[in-house]
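# Structural features, examined
Read off the chains here:
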Amino acid sequence: MEDPAELAPAVRSILSAARDRAAKGRTDRVDVDPRDLRAAFDRAEADGRVPVVAEVKPTSPTTGGTREDDPVALAEGMVAGGAAALSVLTEPEHFGGSVKVLDRIRSAVDVPVLRKDFVVAESQLDAVESDVVLLIARFVGDDLPDLLAGARDRGFRVLVEVHDREELAAALDAGATTVGVNNRDLAELVVDLGTFESVAPHVPDDVTLLAESGIGSPADVRRMRAAGADALLVGSAIMDGDVEANTRALTRAEADDEGDSTTDTTETPT
Ligand SMILES: O=P(O)(O)OC[C@@H](O)[C@@H](O)c1c[nH]c2ccccc12
């Protein structure tokens, strides 16, 4: 397990809040029938869209302000803008998230929904159904294989987040098939897209690979795709302003008819 002294104070506080919730949470075991994330990425590719997982993140320790709009409307805007999947923060104290909101969003859309939280104990998995859950290698340490098994037993697909080669090795050893490389260093909370570029070459081809955090422009999208990203996870750059237009700009980053956006279809991917 991570030495807490090496983490940013905000992250330490997030983890201790997560442990408190785990201790309190006693609910029935969930049984998920998951929407297929890989298939959603393939559908986006086939349709000429860059596979983007758009994140509903009302606030965060690294963003100023809180977005108060209806999160379901934001999520629907992201799907209309071409998002292949959604990520929904459910951490309440530092990200303004809620499991109820995730539930409402998942009922309102038909794309896969990732639950973004700081899961450190199996009981937290039963807080809400989602298609995919996040496990952060750095925070779960040696518990990764057990948590992965616990999540899969409940039907979840699992995204394992890493930020260096050592964590990647742990994720692959545990049997992760979907891996995200976080460009944000959780010790300093600074973003460096070079993180993905340094880890990606060591990821086997049959693993679904996501680039996470700090992707702000179509140029960043192309940079991460050139480095091997199957899909991108984008929060702030989509949440800041018109979410539908922001999502569309990123999902179209590889379209060669960028000057021709008026003929673009805005149909919702299914
Ligand atoms: O807002 P950004 O820089 O696009 O980042 C999104 C996402 O990657 C980030 O929110 C994130 C990555 N890993 C996390 C773990 C928990 C909470 C949040 C995150």
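Procedures and definitions
Residues numbered from 1 in each chain as written. Predicted model: local features only at pLDDT ≥ 70, side-chain atom pairs only at ≥ 80, totals over all residues. Heavy atoms only, no water. Helix = DSSP H or I, 4+ residues; strand = E, 2+ residues; numbered from the N terminus. Buried < 20%, exposed > 50% of the residue type's maximum accessible area, 1.4 Å probe, protein only. Contact = heavy atoms within 4.5 Å. UniProt positions renumbered as here; feature names shortened; annotations may be inferred. Near = heavy atom within 4 Å. Polar contact = N/O pair within 3.5 Å; in protein donor to acceptor, adjacent residues only side chain to side chain. Areas by Shrake-Rupley, 256 points an atom, 1.4 Å probe, with all protein chains shown as cover. Nonpolar A, V, L, I, M, F, W, Y, C, P; charged D, E, K, R; others polar. Pairing = 2+ DSSP bridges. Phe/Tyr/Trp six-rings, centres within 6.5 Å; stacked < 30°, edge-to-face > 60°. 1 Å grid on protein atoms, 1.4 Å probe; cavity = no way out; pocket = protein on both sides within 12 Å on 5 of 7 lines; lining within 4 Å. Points joined across faces, edges and corners; volume = space filled by probe spheres on them.

## Concerning the overall build of the chain
- Check the secondary structure of the chain and you find twelve helices and eight strands.
- In terms of principal-axis extent, the alpha carbons of the chain reach across some 55 × 35 × 35 Å.
- Taking all 270 residues of the chain together, the buried fraction comes to 53%.
- A fraction of 68% describes how many contacts in the chain between residues 6 or more apart in sequence connect residues 24 or more apart.

## Observations regarding the UniProt feature "domain: Indole-3-glycerol phosphate synthase" (unreviewed entry) in the chain
- Here the UniProt feature "domain: Indole-3-glycerol phosphate synthase" (unreviewed entry) sits at residues 29-250.
- Annotated as residues 29-250, this span is 38% helix and 18% strand, and its ends, taken at the C-alpha atoms, are 37 Å apart.

## Notes on the site of the ligand
- Around the ligand lies a shell of 18 residues, among which E55, E161, S213, G235 and S236 are the nearest.
- Here a nitrogen atom of the ligand sits 2.7 Å away from a polar atom, N or O, in the side chain of E161.
- Calculation on the ligand without its partners gives an accessible area of 440 Å², and the protein chains cover 96% of this total.
- When residues of the shell around the ligand are traced back to their parent elements, those giving at least two are β4 (132-136) and β8 (231-234).
- When grouped by side-chain class, the residues that make up the shell around the ligand number seven nonpolar, five polar and six charged.

## Quick word on the pairing of strand β7 (residues 208-212)
- Extensive coverage of β7 is indicated by the burial of five of its five residues.
- Residues of β7 alternate between two faces, with T208, L210 and E212 on one and L209 and A211 on the opposite face, all of them buried.
- Bridge count for strand β6 (residues 178-182) against β7 is five bridges, and the pairing is parallel. Looking at the pairing, T178 lines up with T208 of β7.

## Looking at the packing of aromatic side chains
- Scanning the entire structure with this criterion turns up two aromatic pairs.
- Geometrically, the ring pair formed by F118 and F139 is tilted, given 6.0 Å between the ring centres and 35 degrees between the ring planes. Of this pair, F118 sits in the loop between β3 (113-116) and β4 while F139 sits in helix α6 (residues 137-140); the two residues are 21 residues apart in sequence, bridging distant segments of the chain.
- Given the relative accessible area of 10%, F118 is considered buried.
- Cluster of aromatic residues (ring-pair linked, three or more members): F95, F118 and F139.

## Points about the layout of surface pockets
- In this structure, the largest pocket spans a volume of roughly 420 Å³.
- K57, F95, K116, R184 and S213 are, among the 29 residues lining the largest pocket, the residues nearest its centre.
- Among the elements of the structure, α1 (9-24), β4, β8 and α11 (236-239) are those that each provide at least two residues to the lining of the largest pocket.
- Here the lining of the largest pocket is composed, by residue class, of 14 nonpolar, eight polar and seven charged.

## Concerning empty space enclosed by the protein
- Applying the stated criterion across every chain, the model contains two cavities of 30 Å³ or more.
- In this structure, the second largest cavity spans a volume of roughly 40 Å³.
- L37, V53, L114, V132, L159, T178 and L210 together form the lining of the second largest cavity.
- When its residues are assigned to classes, the lining of the second largest cavity shows six nonpolar, one polar and no charged.

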